[in-house]
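As a plain string of letters, each chain reads:
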Amino acid sequence: MIVVFLGLTLFLSAFLLFCVQPMVAKMALPFLGGSASVWATCVLFFQSTLLIGYIYAHAVARRLRLKTQLFVHAGAMALVFAFLPISFAGAGGEAPVMGPTAWLLWRLVLAAGIPFLVVSASAPLVQNWLARTNLESRRDPYVLYAASNAGSLLALVIYPLAVEPWMGARAQSLSWVAGYGLLVVMIVISAFLAWRRSDPHSQLAEMPSEDNEEGLPAAVGWWSRAYWLGAAFVPAALMLAVTNQISMDVASVPFLWILPLAVYLVTFILAFSKPRERSQRSARFIGDLAPVMLLVLLPIIPITGPDRAVVNWLLAAGHLTVLFVGAYLCHTALAVHRPHPRDLTAFYLWIALGGALGGLFVALIAPWVFTTVLEYPLLVAALPFFRILREDQTWNWKDWAWPVAFLGAALAVQNLPDPWYRYSLTAVLAGISLLRRRRLRFALAFGAILAAYTHSTWELTEGSERLTVARNFFGAKKVLFDRTRQMRKLLHGDTVHGYESVDPALAGEPLSYYHREGPVGDVMRAIGRREDQRVGVVGLGTGSMAAYAGPNRQVTFFDVDPQVVGIARNYFTFLERCGSQCAVVLGDGRLSIGKAPDGTFDVLMLDAFNSDSIPAHLVSREAIKVYLKKLKSNGMIMFHVSSRYLNIARLVAAGVSDAHLIAYVRSDGDEGPTGKLASTYIVVARDVDALEKLPVTRGWAPLPAETKMAPWTDDYSNMLGLIAWPGAWDRSEGSAGSDLVY
């Protein structure tokens, strides 16, 4: 029963840890938009804080007797109440666009650093207490790690399904305080139970030799520590790399960010829930299976930007499968190489260090070094090195010769026309499978082929000439030249953010979602007779809206990403042609608009849903109040609600109904030859007269009232309720659904 209670204590501890992660990330999103880098940076913070917590646990376990540990840790847990409830609101202020990562990390420290640190130390401490008892389970306390990860997994499943849809951030934080209070009680009871069953005068490091009956080494060497570090680093980094990949292919939303983390935790549970002997069998099984799975899945690893939403979802499932195979491979290797319980806290410390370094690599180093998500194939290439085979192997010259031969074959077939290239690549992959019995030979050959294939795939899948690629905290961007259509286009992830034709007759004309014959053109014509017009646009893109500026119309763009501003000025001509009639304000759109004088704008256009994500603070009840205050009495708000995966129209309808505003909607079809892409816009005003002629313009219809969905606020949002299921997915190139779905 004692072991069961200790397991329940760790279950609750991990549950609280993994409830606080999406909760705090959700609190941070309004300050930094919908970028997946917000989640990656939050994960980096939590992994780093976990490392500090494990250092604390290791020091306490090594230097203090059990009774002293109880008082020290009880005092630390009592101190946490001074930092509760957790709130990001105290951070205040506007996030800097030139250094958002450092700003976010510091704000996370202020908001959740101490509570997360103290709770994170519970897992190694409680397992260490079990190892100090006279119970039979002391010989393998690592099984409690499975209970801990089960609590983490339950939190990740419950959060988007049962917590986020029903509770705002403030209520979540207060509920977390109640759960933490229960954890304090359970920790104290756990320490008391362990103390009663232990010898208070013994030290774990002085365990008698019969406790080492499994033949484990008497001391942990640096090779073991390096192995633990690497086997923790690769899956932790891979989890974030897969998150970035899915965010580009599908959508940058918290619901999807949780899926890779859940897969990562499942592999931890599977790896550490077994005794050592069964872990060895599992490691050998996955060591045999992994080469086949990696070769089968290799073709999808570098692919980004398909033009069909269903294909993107299938690719996301494939990326999650890669993560499962890779993380399980590494975590079973960790389980096999786990040390004697006297080194338990050191083991977890090195695992935490590997996780923190993995987060550092993906969140900070990779965006600075790579212009695309190149860290993903690099990490996949490292996976075969962690295979555990059935027999020990020594290196020989063939381990180097065969990979070189296959690399030469892969480079040779790159020049073949498609589909002969794919046929030849399949033959090369089949050949590599013959090397799977040799760890080093297969790992080097697999890495070489993956590198060659990654290089060639970008050219094949994009079908256009790359003019530039860029990447920062706010995501990956690229400018392509489509020779068929004679147009330059900007992609953020796999979402098109505007076209510009190089045809002199069409140069400077608004295309894609901003076409003169589309919804935007209707609105600009409707306000054409007004004097001294002011148009505000949240989201710069290529700057297409600048084409609507004129002597009587000033257009001001608001964008949080400095790279987008540079791309718009250097690769597109809209801003240059607009001249003094256009201005660009770098910063968060809502905060920047809030600084404008009241009654400034004729039209405010919300077009900042980058790569199908939703910056929740731009469509909240409070945001709509800010916009209305900055509009003229006859002003309008335009929401660009096009999305392949999320029903943003329904969200806007809920906000419109809540504010008792008038709204009309138009869904426009795709007309590829003219450069027009499918789009859906909603126009909102205080009364119907402010909409000018839109109500009688062809294609516009009253927006249906939304009574079933609660409007979002700065405290509450429910991303899961917005998912547009397969019937609503559009099949047009990089564009959004053209049908309003309810």
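Residues numbered from 1 in each chain as written. Predicted model: local features only at pLDDT ≥ 70, side-chain atom pairs only at ≥ 80, totals over all residues. Heavy atoms only, no water.

Helix and strand content of the protein: 22 helices and 12 strands. Nonlocal contacts in the protein, meaning residues at least 24 apart in sequence, comprise 79% of its contacts between residues at least 6 apart. By element, 62% of the accessible surface of the protein is carried by carbon and sulfur atoms, the whole surface being about 28,400 Å². (Helix = DSSP H or I, 4+ residues; strand = E, 2+ residues; numbered from the N terminus. Contact = heavy atoms within 4.5 Å. Areas by Shrake-Rupley, 256 points an atom, 1.4 Å probe, with all protein chains shown as cover.)

In the structure shown here, the tally under the stated rule is 18 salt bridges. Salt bridges sharing common partners tie together Asp522, Arg525, Arg666, Asp668 and Lys676. (Salt bridge = Lys/Arg side-chain N within 4 Å of Asp/Glu carboxyl O.)

What follows covers the sheet that holds strand β3 (residues 487–492). Note on sheets: strands pair through backbone hydrogen bonds, and any given pair is parallel or antiparallel. Pairing is antiparallel in the open sheet, where 4 strands are placed in the order β1-β2-β3-β4. In this open sheet, the two strands that pair with only one neighbour each are β1 (465–472) and β4 (495–501). Averaged over all adjacent pairs, the angle separating strand axes in this sheet is 15°, with direction ignored. (Pairing = 2+ DSSP bridges. Axes fitted to C-alpha atoms, helices over the stretch in contact; angles between N-to-C directions.)

Once that is clear, we can look at the sheet that holds strand β7 (residues 582–586). Taken in spatial order, the 8 strands of this open sheet run β7-β6-β5-β8-β9-β11-β10-β12, and their pairing is mixed. The sheet terminates laterally at β7 and β12 (701–702), the two strands that pair on one side only. Along the sheet, helix α17 (residues 519–526) contacts β6 (553–559), β8 (601–606), β9 (631–640), β10 (662–668) and β11 (679–685); its crossing angle with β11, the most-contacted strand, is approximately 30°.

What follows concerns the nonpolar core. Buried together is how nonpolar side chains tend to be arranged in soluble globular proteins. Counting 153 residues, the largest nonpolar core has Trp176, Tyr180, Phe272, Tyr376, Val380, Ile432 and Ile449 as its most contacted members. A per-element tally of this core places helix α1 (residues 2–32) first, with 16 residues. Contacts of Ile449, omitting those with residues within four sequence positions, involve Leu298, Phe406, Leu407, Ala410, Leu425, Val428, Leu429 and Ile432. By size, the runner-up hydrophobic cluster in this structure holds 46 residues, among which are Val537, Met545, Tyr548 and Cys578. (Core = buried A, V, L, I, M, F, W, Y, C linked by side-chain atoms within 4.5 Å. Buried < 20%, exposed > 50% of the residue type's maximum accessible area, 1.4 Å probe, protein only.)

Attention shifts here to the pairing of β11. Strand residues, when the strand is regular, have side chains that alternate between the two faces of the sheet. With respect to burial, β11 is a largely interior element, 7 of its 7 residues being buried. Covered by surrounding structure in β11 are Ser679, Tyr681, Val683 and Ala685 together with Thr680, Ile682 and Val684, the residues of both alternating faces. Inspection of the sheet shows β9 paired to β11 by 5 bridges, in the antiparallel sense. Paired with Phe639 across the two strands is Ile682, which belongs to β11.

Let us now look at the packing of helix α3 (residues 66–80) against helix α5 (residues 122–131). Orientation of α3 relative to α5, taken along the N-to-C sense of each, is 155°, at an axis distance of 12 Å. Judged on the interaxial angle alone, α5 and α3 are roughly antiparallel. Two packed elements cross with a definite hand, and for α3 against α5 that hand is left-handed. Across the interface between the two elements, Leu66, Gln69 and His73 of α3 pack against Ser122, Leu125, Asn128 and Trp129 of α5. (Parallel < 35°, antiparallel > 145°, perpendicular 65-115°, else oblique. Left-handed = near helix turned anticlockwise from the far one by under 90°.)

Before going further, it helps to spend a moment on the packing of α5 against helix α7 (residues 169–196). At a minimum axis distance of 9 Å, the contact between α5 and α7 shows a crossing angle of 20°. Here α5 is positioned roughly parallel relative to α7, judged by the angle of their axes. Classified by chirality, the crossing of α7 by α5 is left-handed. Where α5 abuts α7, its residues Ser122, Val126 and Trp129 lie against Ile187, Ser190, Ala191 and Ala194.

Using the criterion set out here, one finds 18 aromatic pairs in the structure. Each ring, one from Phe442 and one from Phe446, has its centre 5.8 Å from the other, and the planes form 15°; the classification is stacked. Of this pair, Phe442 and Phe446 both sit in helix α16 (residues 439–462), 4 residues apart, which is roughly one turn of the helix. On the accessibility criterion, Phe442 (0% relative accessible area) is buried. Using a relative accessible area of 0% as the deciding quantity, one classes Phe446 as buried. (Phe/Tyr/Trp six-rings, centres within 6.5 Å; stacked < 30°, edge-to-face > 60°.)

Inspection of the entire model under this criterion finds 1 disulfide. With a sulfur-sulfur separation of 1.8 Å, Cys578 is cross-linked through a disulfide to Cys582. On the sign convention where negative is left-handed, the bridge of Cys578 and Cys582, at about 90° about the S-S bond, is right-handed. Like Cys578, the residue Cys582 is buried in the burial classification. (Disulfide = S-S within 2.5 Å.)

This part takes up unusual backbone geometry. Both trends apply: most residues other than glycine have a negative phi, and most peptide bonds are in trans. Following Leu84, the chain continues into Pro85 via a peptide bond in cis, with omega recorded as -5°. Here Pro85 lies in the loop between α3 and α4 (100–120). Unusually for a residue other than glycine, Ser512 sits at a positive phi of about 50°. Relative to the assigned elements, Ser512 resides in the loop between β4 and α17. With phi around 55°, Glu692 is a residue other than glycine that occupies positive phi space. By the element assignment, Glu692 lies in the loop between β11 and β12. Note on Glu692: relative accessible area 34%, which makes it partly exposed.

Its 15 residues place the ends of α3 21 Å apart at the C-alpha level, agreeing with the 21 Å of an ideal helix rising 1.5 Å per residue. Within α3, the full set of buried residues consists of Leu66, Gln69, His73, Ala76, Met77 and Val80. Buried residues of α3 fall within an arc of 95° about the axis and therefore sit on the same side. (Expected span 1.5 Å × (residues − 1). Arc of directions from axis to C-beta.)

Below, the discussion takes up the side chain of Thr542. Position of Thr542 among the secondary structure elements: in the loop between β5 (533–538) and β6. On the accessibility criterion, Thr542 (0% relative accessible area) is buried. A distance of 2.7 Å separates polar atoms of two side chains, one belonging to Thr542 and the other to Ser544. Discounting chain neighbours no more than four positions away, the residues touching Thr542 are Leu490, His497, Gly498, Tyr499, Ala568, Phe572 and Phe574. (Polar contact = N/O pair within 3.5 Å; in protein donor to acceptor, adjacent residues only side chain to side chain.)

Residues Leu357, Leu360, Leu364, Ile365, Trp368 and Val369 make up a contiguous nonpolar surface patch of about 550 Å² in total accessible area. A relative accessible area of 33% places Leu357 in the partly exposed class. (Patch = residues over 30% accessible without salt bridge, like charges linked within 9 Å, V, L, I, M, F, W, Y side chains within 5 Å.)

Attention now goes to the confidence of the model for the protein. Averaged over all residues, the pLDDT of the protein equals 82, while 86% of them reach at least 70. Scored below 50 in pLDDT, residues 727–742 shows 57 contacts in the model against residues more than four places distant or in partner chains. (pLDDT = per-residue confidence, 0-100.)

Next up on the list: the environment of Trp257. Within the secondary structure layout, Trp257 lies in helix α9 (residues 254–272). Separated by 10 residues in sequence, Trp257 and Ser247 have C-alpha atoms that sit 7.7 Å apart.

The residue Val118 is located in helix α4 in this model. Here Val118 falls in the buried class, since its relative accessible area comes to 6%. Separated by 66 residues in the primary sequence, Val118 and Ile52 have C-alpha atoms spaced 9.2 Å apart. Leave out the neighbours within four places in its chain, and Val118 touches His73, Ala76, Met77, Val80 and Tyr180.

With 7 of 10 residues buried, β9 lies mostly within the body of the structure. When β8 meets β9, the two strands line up parallel, connected through 5 bridges. For Phe601, the partnering residue across the bridge sits in β9 and is Leu631.

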